[in-house]
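Now for the letters of each chain:
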Amino acid sequence: MANRQLWKPVLQALKIAIGSSFAIWLAQTLGLSFAASAGSIAMLTIVTTKWETVRLSGFRVITFAIAVFIAWLTISRLKSAWMAYGIFLFAMTLICEAFGWRAALSVNAVIGTHFLETRDFRPEAIWNEFCLLLIGISIALFLNLFHNNRVHKKDLIQNMRYTEERLQMIMGEIAAYLSCRDMQRDVWEDIVVLEGKLRGFIRDAHEYQDNTFHSHPGYYIDYFEMRLQQCGVLHNLHYEMKKIRHMPVQAQVIAQFVLDTADYVTEKNIPTVQLAKLDDIFLSMKEEPLPVSREEFESRALLYHILMDLEEFLVFKKRFVEDMDDTRRRHYWENEQ
């Protein structure tokens, strides 16, 4: 993952430099006016992901016609350059915001400056602007097809294994505390650090989804979001656990369950067995003699809350599995990733 993160800005910079330079060269070769703008259009489009590039290119083609029309209505009729351009941008901004095309505004603003400078709306001038747009987005589309999805996918899988290992470690420490053994680490800090990592993993998963044309890569997003929800549960569990003043004997049973469950915090586990064991623990605790002191009553109540937290922890994984369609199950669970 570190190598990919190191090379990512370098490769992006190369794409922008090569794409923009080639766009300018091509526009100059074709004898287009304002050839440098083709490089700017390419640069503004390359900085997006594959899917966003496709969508953005479509928006820019659609809004180009609107921009030309509004420029003709304003720039060709008003002598004041600053007033004409201000009204042009005001109208384009409203339209782009209304249809969710904000990213298309920058290119249309550049095109507007060309019309402002020449005040030429002949078909040849409009065709010149369209060619600049076409060159810029075509080169961006081509360059953004080159994305090392294989390495990106490998990193996501490594992040999944890392997440599982950290969760297993955290649950081991929680089991140690419930067993009245010394905790070797600050579990609260470990959970906070893992949550921060998971938010980064979710961003990486979104980037991967937007850079592949498959219909099912959202699996990784759902996986990391599920683990982030489980971290939230562990926060609550740890909070309840720290409030226990005297650890009841029933805590040993829960500690053993937590320890056993940690071994099944893996990607392809379906927590049916763990949920069944948890139900048995709930039943056995109901059959226990009633607490004889206030302190014991409060401790037993907190243990019950911990059991409910553990149930929620497992239910998040169960829902993740149940929400998986046949395509994802076949691609990610029945085949080796």
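Residues numbered from 1 in each chain as written. Predicted model: local features only at pLDDT ≥ 70, side-chain atom pairs only at ≥ 80, totals over all residues. Heavy atoms only, no water.

(A) Examining the overall build of the protein more closely. What the protein contains, in helices and strands, is 13 helices and 0 strands. In the protein, the succession of helices and strands from N to C terminus is α-α-α-α-α-α-α-α-α-α-α-α-α. For the protein, buried positions account for 45% of its 337 residues. Of the contacts made within the protein by residues no fewer than 6 positions apart, 80% connect residues no fewer than 24 positions apart. Counting every atom, the protein has about 17800 Å² of accessible surface; 60% of that belongs to carbon and sulfur. (Helix = DSSP H or I, 4+ residues; strand = E, 2+ residues; numbered from the N terminus. Buried < 20%, exposed > 50% of the residue type's maximum accessible area, 1.4 Å probe, protein only. Contact = heavy atoms within 4.5 Å. Areas by Shrake-Rupley, 256 points an atom, 1.4 Å probe, with all protein chains shown as cover.)

(B) A look at the side chain of glutamate 164. You can see glutamate 164 is positioned in helix H7 (residues 149–178). Overall, glutamate 164 belongs to the buried group, its relative accessible area being 6%. Among the polar contacts listed, one links the side chain of glutamate 164 to the side chain of arginine 161, at a separation of 3.0 Å. A polar contact is formed between the side chain of glutamate 164 and the side chain of tyrosine 223, at a distance of 2.5 Å. In this structure glutamate 164 touches Tyr223, Arg227, Val265, Thr266 and Glu267, once residues within four positions along its chain are discounted. (Polar contact = N/O pair within 3.5 Å; in protein donor to acceptor, adjacent residues only side chain to side chain.)

(C) Focus on a nonpolar patch on the surface. Together, Val10, Leu11, Leu14 and Ile18 make up an exposed nonpolar region whose accessible area comes to about 350 Å². Judged by its relative accessible area of 45%, leucine 14 falls in the partly exposed class. (Patch = residues over 30% accessible without salt bridge, like charges linked within 9 Å, V, L, I, M, F, W, Y side chains within 5 Å. Salt bridge = Lys/Arg side-chain N within 4 Å of Asp/Glu carboxyl O.)

(D) Representation of the UniProt feature "transmembrane region" (unreviewed entry) in the protein in the model. Per the UniProt record, "transmembrane region" (unreviewed entry) is found at residues 21–46, 58–75, 82–105 and 125–146. Across residues 21–46 one finds 77% helix and 0% strand; the C-alpha atoms that close the span lie 12 Å apart. Across residues 58–75, helical content stands at 94% and strand content at 0%; the span's end C-alpha atoms are separated by 25 Å. (UniProt positions renumbered as here; feature names shortened; annotations may be inferred.)

(E) Region of the structure containing helix H10 (residues 250–262). Over its 13 residues, H10 runs 19 Å from end to end, which matches the ideal 18 Å to within 8%, given 1.5 Å per residue. Within H10, the full set of buried residues consists of Gln250, Ala251, Ile254, Ala255, Phe257, Val258, Thr261 and Ala262. Along H10, the residues classed as buried sweep out an arc of 160° about the axis, all on the same side. (Expected span 1.5 Å × (residues − 1). Arc of directions from axis to C-beta.)

(F) Structural detail: the nonpolar core. Within the largest apolar cluster, 56 residues are counted, with the highest numbers of intra-cluster contacts made by Ile174, Leu178, Tyr220, Phe224, Ile254, Ile306 and Leu310. Secondary-structure elements contributing two or more residues to this core are H7, helix H8 (187–210), helix H9 (218–242), H10, helix H11 (272–286), helix H12 (294–322) and helix H13 (326–333). Looking at this core, the element that brings in the most residues is H9, giving 11 residues. Apart from the residues lying within four places of it in its own chain, the contact partners of leucine 178 are Met241, Met247, Ala251, Gln252, Ile254, Ala255, Val258, Leu303 and Ile306. Counting residues in each nonpolar core, the second largest holds 36 residues, with Ile41, Ala71, Ala104 and Leu132 among its members. (Core = buried A, V, L, I, M, F, W, Y, C linked by side-chain atoms within 4.5 Å.)

(G) Looking closely at the packing of aromatic side chains. Counting across every chain of the model gives 16 aromatic pairs. Taken together, the aromatic side chains of Tyr162, Phe201, Tyr208, Tyr219, Tyr220, Tyr223, Phe224 and Phe320 make up a single cluster linked through ring pairs. Positioned over the ring face of tryptophan 72 is arginine 77, at 4.2 Å from the centre of the ring. (Phe/Tyr/Trp six-rings, centres within 6.5 Å; stacked < 30°, edge-to-face > 60°. Lys NZ or Arg CZ within 6 Å of the ring centre and 35° of its normal.)

(H) Focus on the pattern of salt bridges. Here the structure, examined in full by the defined rule, presents 5 salt bridges. Note that lysine 318 and glutamate 322 form a salt bridge whose closest N and O atoms lie 2.5 Å from each other. Taken as a pair, lysine 318 and glutamate 322 lie in helix H12 at a separation of 4 residues, close to a single helical turn. Overall, glutamate 322 belongs to the exposed group, its relative accessible area being 52%. Connected through shared salt-bridge partners, Arg161, Glu164 and Glu267 make up one network.

(I) Structural context of the packing of helix H5 (residues 105–118) against helix H6 (residues 123–143). At their nearest, the axes of H5 and H6 sit 11 Å apart, and the two run at 150° to each other. The angle between the axes of H5 and H6 places the two elements in the roughly antiparallel class. As for how H5 packs across H6, the hand of that crossing is right-handed. In contact with Val107, Ile111, His114 and Phe115 of H5, H6 contributes Ile126, Glu129, Leu132 and Leu133. When its residues are assigned to classes, the contact of H5 with H6 shows 6 nonpolar, 1 polar and 1 charged. (Axes fitted to C-alpha atoms, helices over the stretch in contact; angles between N-to-C directions. Parallel < 35°, antiparallel > 145°, perpendicular 65-115°, else oblique. Left-handed = near helix turned anticlockwise from the far one by under 90°. Nonpolar A, V, L, I, M, F, W, Y, C, P; charged D, E, K, R; others polar.)

(J) Summary view of the layout of surface pockets. In this structure, the second largest pocket encloses a volume near 190 Å³. Lining the second largest pocket, in full, are Tyr219, Asp222, Glu225, Met226, Gln229, Phe316, Arg319, Phe320, Asp323, Met324 and Arg328. Elements that contribute at least two residues to the lining of the second largest pocket include exactly H9 and H12. At 5 residues, H9 tops the list of elements feeding residues into the lining of the second largest pocket. When its residues are assigned to classes, the lining of the second largest pocket shows 5 nonpolar, 1 polar and 5 charged. (1 Å grid on protein atoms, 1.4 Å probe; cavity = no way out; pocket = protein on both sides within 12 Å on 5 of 7 lines; lining within 4 Å. Points joined across faces, edges and corners; volume = space filled by probe spheres on them.)

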